[in-house]
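Inside the fold
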Amino acid sequence: QVQFVESGGGWVQPGGSLRLSCAASGSGYRIYDMGWYRQAPGEQRELVARITRGRSMNYADSVKGRFTISRDNAQNTVYLQMNSLKPEDTAVYYCNAVASLYSSVRQTDYWGQGTQVTVSS
């Protein structure tokens, strides 16, 4: 199994910044794409940003220009720098990793436990 250590969530006023981090680990697993999703109350989980091992990135339109995703392949760690935060960014943010056993080509999605981000005055 792939396990995650997430950190960096919390409360911030509108216009503020937060940085999320997520370290993935799993004996015998290779980590491919990593990313962040979020889910607000009563809403479906949605993509925030994803990054490949080659560092190709894609973002939700709602966060482009404000959020930056990055990763450390050696540490299987993904970061999300969130600037100019808005109340509508309030959600539980989930780390995601696509991984497979070294002995297999089958890739599977794994999820962190989530970290709460609250933007309010």
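Residues numbered from 1 in each chain as written. Predicted model: local features only at pLDDT ≥ 70, side-chain atom pairs only at ≥ 80, totals over all residues. Heavy atoms only, no water.

A closer look at the packing of aromatic side chains
- Per the stated rule, a full pass over the model turns up 2 aromatic pairs.
- Seen from their ring centres, Tyr29 and Tyr110 are 5.8 Å apart, and the 85° between their planes marks the pair as edge-to-face. With Tyr29 in strand S4 (residues 29-39) and Tyr110 in strand S10 (residues 108-111), this pair connects stretches of sequence that are 81 residues apart. For the pair Tyr29 and Tyr110, a shared accessibility class is recorded, and that class is buried. (Phe/Tyr/Trp six-rings, centres within 6.5 Å; stacked < 30°, edge-to-face > 60°. Helix = DSSP H or I, 4+ residues; strand = E, 2+ residues; numbered from the N terminus. Buried < 20%, exposed > 50% of the residue type's maximum accessible area, 1.4 Å probe, protein only.)

Regarding the sheet that holds strand S7 (residues 67-72)
- Pairing is antiparallel across the open sheet formed by 4 strands, whose spatial order is S1-S3-S8-S7. Every interior strand has two partners, whereas the edge strands, strand S1 (3-7) and S7, have only one. Strand-to-strand, the axes of this sheet are offset by a mean angle of 15°, without reference to chain direction.
- Inspection of the sheet shows strand S3 (residues 18-25) paired to strand S8 (residues 77-82) by 6 bridges, in the antiparallel sense. Paired with Cys22 across the strands is Val78, a residue of S8. (Pairing = 2+ DSSP bridges. Axes fitted to C-alpha atoms, helices over the stretch in contact; angles between N-to-C directions.)

What to know about the pairing of strand S5 (residues 46-51)
- Where S4 meets S5, 5 bridges bridge the pair, whose relative direction is antiparallel. Across the sheet, residue Met34 finds its bridge partner in S5, namely Ile51.
- Taking the residues between adjacent antiparallel strands as the criterion, S4 and S5 are bridged by 6 residues, where Gly42 takes a positive phi near 80°.
- Across 3 bridges, S5 lies against strand S6 (residues 57-59) in antiparallel orientation. Residue Arg50 lies in a different strand from S6, and its bridge partner there is Asn58.

Observations regarding the environment of Tyr93
- Secondary-structure assignment places Tyr93 in strand S9 (residues 91-101).
- Residues Tyr93 and Trp36, spaced 57 residues apart in sequence, show a C-alpha to C-alpha distance of 6.6 Å.
- When sequence neighbours within four positions are dropped, the list of residues in contact with Tyr93 reads Glu6, Leu20, Trp36, Tyr37, Arg38, Val48, Phe67, Leu80, Met82, Gly114, Thr115 and Val117.
- Within polar-contact distance, the side chain of Tyr93 engages the side chain of Arg38 at 2.9 Å.
- At a separation of 2.6 Å, a polar atom in the side chain of Tyr93 contacts the main-chain carbonyl oxygen of Asp89. (Contact = heavy atoms within 4.5 Å. Polar contact = N/O pair within 3.5 Å; in protein donor to acceptor, adjacent residues only side chain to side chain.)

Description of the pattern of salt bridges
- Counting across every chain of the model gives 5 salt bridges.
- In this structure, Glu46 and Arg38 form a salt bridge, with 2.8 Å as the shortest nitrogen-oxygen distance.
- Taking the relative accessible area as the measure of exposure, Glu46 reaches 36% and is therefore partly exposed.
- We note a salt bridge from Lys64 to Asp61, for which the minimum N-O separation is 3.1 Å.
- Judged by its relative accessible area of 49%, Lys64 is partly exposed.
- Linked by salt bridges that have partners in common, Arg38, Glu46, Arg66 and Asp89 make up one network. (Salt bridge = Lys/Arg side-chain N within 4 Å of Asp/Glu carboxyl O.)

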